[in-house]
Amino acid sequence: FGLSLPAVAVLLVALLCLDPHGRVGSAPICAHGPSGCHIPSLADLFDRVIQHSARMHSLSNDLHSEFEQYFLPSKNHIGKIYRKCHTSNILTPNGKDNAQKLAREELTEVILKLLMAWRDPLFQLHQSMAHQQDFNSFSSNKALEMGDMAHELRKGVEKVAEKMRVLGMLGNSVTGLSAAEAMLPLSDSGEAMSDYELLYCFRRDSNKVQNYLKILKCRIVPEHDC
Amino acid sequence: MWRDAEQALTLMWLLSWISHSMCHSSPGRPRITRCRSPEKETFTCWWEPGSTGGLPTSYQLYYRKESSLEVFECPDYHKAGNNSCYFDKRHTSIWIIYNITVVASNALGKAYSESVEVDVMDIVQPHPPENVNVTFMQTTNSPYFLVQWQPPHDADTRSGWVTIKYEVRLKIENSGNEEDSNWESYSAGKQLEFSIYSPQPGANYIVQVRCKLDQGLWSEWSPSAFIQIPDNMSDTQNAFMIIAVTLMVIIFLLTAGVLTVKMKPVKHFFLPPVPEPKISGLDTQLLKSGKAEDIFSALITPGYPQIAQRSDHQVEYLVVSDYDEEMDFNGKAHLEFQKGENCLTDTITLNSSQDVRTTLSEHVYSGAVSSQLSATSGVLGEPQELLPLDCNGLPVKAQDQNTQMSSGSKCEHVSINPAGLMGYVEVDEEKRDQTPLVGEDYSMVTDVISDKILVLQDSIPKQGHKEVKCDKTFKAEETGVVFEPLGYLETLTTFSSGS
C-alpha cells in the first residue's frame, strides 16, 4: 500500500477515538447494588455535618478571642457592634421558636445562603491576615482552615439536601439552593469590613449554622441524640 | 424673751431644715452586675444599686436592640427577684446585641448606669444537673460505684437546640483536714451516668456534677452526694492473693538457696564448659608445675623420631601440593622467603586446613640452621604440617596467612600466601631428576612416620651444608615458578589423601 508512518499513526488514533469500545467511561462505584459499598444514611450525614460545623465554630471562637486579647484590650470599641454584618440582609430566625416554625426547606436554604455568603470574605480574611505581620502564622493558618471548612461544610449540606430531596423529605419548592449567591463583605455604608468585624460576624454566623443544623437533624432524623 | 425664743426656734428650725436637706441627694449610679441565660431562650440581668441618697429610689431598665433605635423597658422586674430584669422568650432574640441601661431615680434626680452590651449567645450558663445520686455496686471482681443525674429541667435537648456536656468530680472526705484532699474531675460527655472503679474501701466519698451547653459557661456544681464504701470488700479474693504471694516468695527463696549451695553443678548444667584443647600425651599439669628438663623431656614424646638419630641424616622432604586434588584454598599457605643473604629459601606449603597460627605456634624450636635441619625434620605428628623457618632457622610464627613477616635482618620478605591453584613442586633443581617421588621409587624410603609421611634418604649428601647462598636475583613468585633451593631443603613429602 505504501502508506507512510504518520498516516498510519493518524489512522490508528482515529480508530481508537471513533471506536466506542476504546473510550473510557466512568461508572458509579455502587452501581451493582449495596453489596460493596457502605452508603451513609441520612443520620450519618447529618452527624458528620454537625460535627464539622461545631469544629468550624470553635475555630472561629478561638480566632476571635485571640484577636480580642491581643488587639483590643480595652472594651471601648463600642462602635464595632453597630456595624452590621454583611449577612444581616439574610433573614435568619433569631430564636428556637422561630427556627422551629420555619419549614425545613427554608431552613436548609438559610443555611446554604449563609455558608455561600462567607465564601469570599473568608478567603479575603485569610489573605489579609497572612499579609499582616501582627498575626503569627498560626493564626493565619487557622483562618485558612476556617475558610476550607466553610467550603466543605457547604458541600456537605448540599449533599444532605440532595439526599433529603431523593428521599422525598424536601418539597420541590426549594428554589433557594441555586439562588445562594456569594456576597462581598461590605457593610451598610459600603466600606470594607475590618478583620475584627469579619471575625465577629463569622463567629456569630457559624453559631447560627450549627444551631440550625441541629434543629433540622432532630426534626428529620430524631432517633438518637435528640 | 419672746424674741429670744423666736430666734431660738427659728434657728433650730433652720438648722434642722439644713441638716435634713443635706442628707438627701440624687441617687448614686447603679451597676449592672451580670446577665445570664440558662437555656439560650430567655435571659436575666441583675444590677446592684448605688447609694439611695436617703430617698426612696426606683429603678428602671431600658434596652435597645442592635439594629434599631427604639428603646424598650424591661418586661418583667419581679420574676427573678430584686434588682433584676427577666426577658422571656418573646422578648429574647439570640445573635443580636442588646444595649442595656439601668436608671435609678428619686425625688432629687436620676442616675444612669454604664451601658452594657450583651449577646445572648455569649452568656449561656445552665442550671446545675438535678437529682444526683450515687450507688455502690458490689460485683465480685471489680467493685465500683455509679453516679447518676438528670439534666437541668429547662434545657431543651430534645429539639436539638442545645447539647449538654457533663463533668463529675469526687473526693474523699477527711474528717480532719478538708483542704488536703483534692478533687478528681472526670469528663462524662453527654451521658447521664458515670462509673468510678476501684474505690477505696472504708472511704467516704463526696460527688458533684456540673454541666455546660455547647460552648457556653459551666454551671455551678450540683449539691453534693455522699457515699460510704464498705470495709470488707472481697475477702476471699484477698486471701487467695496473700497465699499465692507467700508461696511464690517461699519458692523463690528455696531456689535461691539451692543455687547458692550447688552453684557449680547447676552452672555446669546450664552452661556446659567449653572443652579445652588437649594434646594427647601431654601433661598440662606438668607444664604448669614441673621443672624445665621435665617439661622438655615431656614434650618429646617417645613416638616421635628423636633428635639424636637424625643428626647425620640428610633428609629431604618434598612437598608436593597437588592442585588436581581438591584442596581448600584457604588451607594452603606457603611461606616464601625472598631475597636476603643467608637466606634459607624454603617453600613450605601447608596443606592443612587448620589455622596456620595454631599449627605453627605449637612447635617451638630454636637453633642454628644446620643443626636444626634435622631437628626440624622432626616434624611432629600430623601430616601436612610444616615449619616456617626464618633465615636463622628460628621458627617463625605466622601471624596471619597473608602477612608479611620481617624476621631478622637477613631475610626480607617472608610471606605466607595462600597457595591456591598451584602445581607447585618445591624441589631442588638439581635433585629433581634424582628423586622421583610420588609413588614410583620406594628404594629411598628409610622410615615411615605415618601413613602419609615417608622419610627418604638422600644419596648425595654433599649438598647443602653451611654455605647458604641466597640468590639475589631469585624471585619466588606465586605463580608456580620453582625456585632454587640452596642448601638443605626441608620439605615434607606429602601424599594427598587421594593417592
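Residues numbered from 1 in each chain as written. Chains lettered and ligands numbered in written order. Predicted model: local features only at pLDDT ≥ 70, side-chain atom pairs only at ≥ 80, totals over all residues. Heavy atoms only, no water.

(A) Up close: the pattern of salt bridges. Within the structure shown, the criterion is met by 15 salt bridges over all chains. Linking lysine 113 of chain A and glutamate 109 of chain A is a salt bridge whose minimum nitrogen-to-oxygen distance equals 3.9 Å. In this pair, lysine 113 of chain A and glutamate 109 of chain A both sit in helix α4 (residues 104-117), four residues apart, roughly one turn of the helix. Residues aspartate 214 of chain B and lysine 214 of chain A are paired through a salt bridge, measuring 2.9 Å at the closest nitrogen-oxygen approach. One end of the pair, aspartate 214 of chain B, is in the loop between β14 (204-213) and β15 (225-228); the other, lysine 214 of chain A, is in helix α8 (residues 195-220), on a second chain. Taken as a pair, aspartate 214 of chain B and lysine 214 of chain A share a single burial class, namely buried. One network of salt bridges, with partners in common, ties together Lys96 of chain A together with Glu41, Lys89 and Asp156 of chain B. (Salt bridge = Lys/Arg side-chain N within 4 Å of Asp/Glu carboxyl O. Helix = DSSP H or I, 4+ residues; strand = E, 2+ residues; numbered from the N terminus. Buried < 20%, exposed > 50% of the residue type's maximum accessible area, 1.4 Å probe, protein only.)

(B) Structural view of the sheet that holds strand β2 (residues 43-48) of chain B. All names here are of chain B. Reading across the sheet, the three strands line up as β1-β2-β5 and stay open at both edges, with antiparallel pairing between neighbours. Each edge of the open sheet is held by one strand with a lone partner, namely β1 (31-36) and β5 (84-87). Neighbour to neighbour, the strand axes of the sheet diverge by 15° on average, direction disregarded. Looking at chain direction, β1 and β2 are connected through five bridges and run antiparallel. Bridge pairing in β2 links isoleucine 32 to tryptophan 47. (Pairing = 2+ DSSP bridges. Axes fitted to C-alpha atoms, helices over the stretch in contact; angles between N-to-C directions.)

(C) Representation of the packing of aromatic side chains within the structure. Residue and element names in this part refer to chain B. Under the defined criterion, the tally for this structure stands at 17 aromatic pairs over all chains. Plain terms: the ring middles of tyrosine 186 and phenylalanine 194 are 5.6 Å apart, the flat faces sit at 35° to each other, and that makes the pair tilted. Phenylalanine 194 gets classed as buried once you look at its relative accessible area, which sits at 14%. By the ring-pair criterion, three or more aromatic residues cluster together here, those being Phe43, Tyr63, Phe72, Phe87 and Tyr98. Across the ring face of tryptophan 46, the terminal group of arginine 34 is positioned such that the distance to the ring centre comes to 4.6 Å. The cationic tip of lysine 40 hangs over the ring face of tryptophan 161; the distance from NZ or CZ to the ring centre is 5.9 Å. (Phe/Tyr/Trp six-rings, centres within 6.5 Å; stacked < 30°, edge-to-face > 60°. Lys NZ or Arg CZ within 6 Å of the ring centre and 35° of its normal.)

(D) Representation of the packing of helix α5 (residues 119-131) of chain A against α8 of chain A within the structure. All names here are of chain A. Contact pair α5 / α8: the axes reach a minimum separation of 10 Å and the direction vectors enclose 140°. Here α5 is positioned oblique relative to α8, judged by the angle of their axes. Where α5 crosses over α8, the two elements pack in a sense that is left-handed. Contacts between α5 and α8 involve Pro121, Leu122, Leu125, Ser128 and Met129 on the former and, on the latter, Asp195, Leu198, Leu199 and Phe202. Its residues placed into classes, the contact of α5 with α8 shows seven nonpolar, one polar and one charged. (Parallel < 35°, antiparallel > 145°, perpendicular 65-115°, else oblique. Left-handed = near helix turned anticlockwise from the far one by under 90°. Contact = heavy atoms within 4.5 Å. Nonpolar A, V, L, I, M, F, W, Y, C, P; charged D, E, K, R; others polar.)

(E) Highlighting the confidence of the model for chain B. All names here are of chain B. Per-residue pLDDT for chain B has a mean of 70; in total, 57% of the residues score no lower than 70. Throughout residues 325-436 the model reports pLDDT below 50, and contacts reaching past four residues in sequence, or to other chains, amount to 262 contacts. The low-confidence segment residues 461-499, where pLDDT is below 50, has 108 contacts with residues more than four positions distant or belonging to other chains. For this predicted complex, the interface confidence reaches an ipTM of 0.78, while the overall pTM sits at 0.58. (pLDDT = per-residue confidence, 0-100.)

(F) Geometry of the pairing of strand β6 (residues 97-106) of chain B. Residue and element names in this part refer to chain B. Judged by how many residues are buried, β6 sits mostly within the fold: 10 of 10 residues are covered. Neither face of β6 is exposed, since Ile97, Asn99, Thr101, Val103 and Ser105 on one face and Tyr98, Ile100, Val102, Ala104 and Asn106 on the opposite face are all buried. Pairing between strand β3 (residues 58-65) and β6: eight bridges, direction antiparallel. The residue bridging glutamine 60 from the neighbouring strand is valine 103, located in β6. With four bridges connecting them, β6 and strand β8 (residues 116-119) associate as antiparallel partners. The partner of tyrosine 98 across the bridge, within β8, is valine 118. Taking the residues that link successive antiparallel strands as the turn, the β6-strand β7 (residues 109-112) hairpin has two residues.

(G) Fine view of the interface of chain B and chain A. Taken together, the 27 residues of chain B in the interface contact 26 residues of chain A. Contact between chain B and chain A buries roughly 2300 Å² in total, counting both sides, with carbon and sulfur atoms accounting for 48%. When residues of chain B are sorted by the area they lose upon contact with chain A, Trp95, Trp161 and Gln215 of chain B head the list and together hold 30% of the total. On the surface where chain B and chain A come into contact, there are six salt bridges. A salt bridge links aspartate 122 of chain B to arginine 203 of chain A; the shortest N-O distance between them is 2.6 Å. At the boundary of chain B and chain A, one finds 12 residue pairs in polar contact (both at pLDDT 80 or more). Mapped by element, the contributors of at least two residues to the side of chain B that touches chain A are β6 and β8 of chain B. (Buried area = accessible area lost by both parts, 1.4 Å probe. Polar contact = N/O pair within 3.5 Å; in protein donor to acceptor, adjacent residues only side chain to side chain.)

(H) Representation of unusual backbone geometry within the structure. Residue and element names in this part refer to chain B. The residue tryptophan 95 is not glycine, and still its phi comes out positive at about 60°. Mapped onto the elements, tryptophan 95 comes out in the loop between β5 and β6. Positive phi is not limited to glycine here, since asparagine 131 has a value of about 55°. Mapped onto the fold, asparagine 131 is located in strand β9 (residues 130-137).

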